[in-house]
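The chain contents come next:
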Amino acid sequence: MRADASTTPEQACPIAPVVDLVFSRWTTPILWALNEFGRQRFVELERRIGSITPKVLTQRLRQLERDGLLTRTYHAEVPPRVEYEISDLGRSLAPLFATLADWSTENLPKVEEARSAYDSGS
């Protein structure tokens, strides 16, 4: 199908909404951490991810909960405890992440070679 002026981005590329949902700046590291290491508290995620700010982590966690990709459990105790866990819907992305990890292992060195060749004018 050929795109014309009335074609929506979703029609031109049907995976665009998935890419927007899953591959935004911090979504992938959060989902990866929850999938790899299981249920975690906010501070554990913050340490595991590294350079993310608490404000941004809070925003991303809320969005991922809204999207159904993770669950948030509040434990009414003193002090209160909140835990995050990847949902079944979020876990369904694991094969996609595994495929991308395999691709990156095999192909990122080739990408670096291509960049070096391009940058050197070869």
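Residues numbered from 1 in each chain as written. Predicted model: local features only at pLDDT ≥ 70, side-chain atom pairs only at ≥ 80, totals over all residues. Heavy atoms only, no water.

If you check an unreviewed UniProt entry, the protein chain appears there as DNA-binding HxlR family transcriptional regulator from Amycolatopsis roodepoortensis.

**Q** Just to check I follow, could you spell out the environment of Glu65 for this structure?
**A** Structurally, Glu65 can be placed in helix α5 (residues 54-66). Overall, the relative accessible area of 35% leaves Glu65 in the partly exposed class. Excluding anything up to four places from it in sequence, Glu65 contacts Leu70 and Arg72. (Helix = DSSP H or I, 4+ residues; strand = E, 2+ residues; numbered from the N terminus. Buried < 20%, exposed > 50% of the residue type's maximum accessible area, 1.4 Å probe, protein only. Contact = heavy atoms within 4.5 Å.)

**Q** Could you clarify how one ought to interpret the packing of helix α3 (residues 27-37) against helix α7 (residues 94-119) in this entry?
**A** Helix packing geometry: the angle between the two helix axes and the distance between the axes. Remark: α3 packs on α7, axes separated minimally by 11 Å, with the N-to-C direction vectors making an angle of 105°. In terms of their interaxial angle, α3 and α7 are classed as roughly perpendicular. Packed against α3, whose contacting residues are Thr28, Leu31, Trp32 and Asn35, the element α7 presents Ala94, Phe97 and Ala101 at the interface. Residues belonging to the contact of α3 with α7 are distributed by class as follows: five nonpolar, two polar and no charged. (Axes fitted to C-alpha atoms, helices over the stretch in contact; angles between N-to-C directions. Parallel < 35°, antiparallel > 145°, perpendicular 65-115°, else oblique. Nonpolar A, V, L, I, M, F, W, Y, C, P; charged D, E, K, R; others polar.)

**Q** Mind showing me how you'd approach the side chain of Glu83 here?
**A** Among the structural elements, Glu83 can be located in strand β3 (residues 81-86). At 2.9 Å, the side chain of Glu83 and the side chain of His75 are in polar contact. In this structure the side chain of Glu83 is engaged in a polar contact, spanning 2.9 Å, whose partner is the side chain of Arg81. Apart from the residues within four sequence positions on either side, Glu83 is in contact with Arg39, Gln40, Arg41, Thr71, Arg72, Thr73 and His75. (Polar contact = N/O pair within 3.5 Å; in protein donor to acceptor, adjacent residues only side chain to side chain.)

**Q** So what exactly am I meant to see when it comes to the pairing of strand β2 (residues 70-75) here?
**A** The two faces of the sheet receive side chains in turn, since in a regular strand these alternate between them. By the bridge criterion, six bridges tie β2 to β3 in an arrangement that is antiparallel. The residue of β3 that forms the bridge with Arg72 is Tyr84. The antiparallel pairing of β2 with β3 creates a hairpin that spans five residues between the two strands. (Pairing = 2+ DSSP bridges.)

**Q** It is not clear to me how the packing of α3 against helix α4 (residues 42-49) should be interpreted in this structure. Could you clarify?
**A** Where α3 meets α4, the axes come as close as 10 Å, and the angle between the chain directions of the two elements is 110°. On the basis of the axis angle, α3 is roughly perpendicular to α4. When the axes of α3 and α4 are compared, the crossing they make is right-handed. Along the contact surface, α3 presents Pro29, Ile30, Ala33, Leu34 and Phe37, while α4 presents Leu45, Arg48 and Ile49. The residue inventory of the contact of α3 with α4, partitioned by class, reads seven nonpolar, no polar and one charged. (Left-handed = near helix turned anticlockwise from the far one by under 90°.)

**Q** It is not clear to me how the packing of aromatic side chains should be interpreted in this structure. Could you clarify?
**A** For any pair of aromatic rings, the description consists of the separation of the ring centres together with the inter-plane angle of the planes. Counted under the stated rule, the structure contains two aromatic pairs. Between the aromatic rings of Phe23 and Phe97, the centroid separation amounts to 6.3 Å while the plane-to-plane angle is 75°, which identifies the pairing as edge-to-face. With Phe23 in the loop between α2 (16-22) and α3 and Phe97 in helix α7, this residue pair connects regions lying 74 residues apart in the sequence. For Phe97, a relative accessible area of 6% gives the class buried. Each member of the aromatic cluster is reached from another via a ring pair, and the members are Phe23, Trp32 and Phe97. A cation over a ring is seen here: Arg25 above Trp26, with NZ or CZ 4.1 Å from the ring centre. (Phe/Tyr/Trp six-rings, centres within 6.5 Å; stacked < 30°, edge-to-face > 60°. Lys NZ or Arg CZ within 6 Å of the ring centre and 35° of its normal.)

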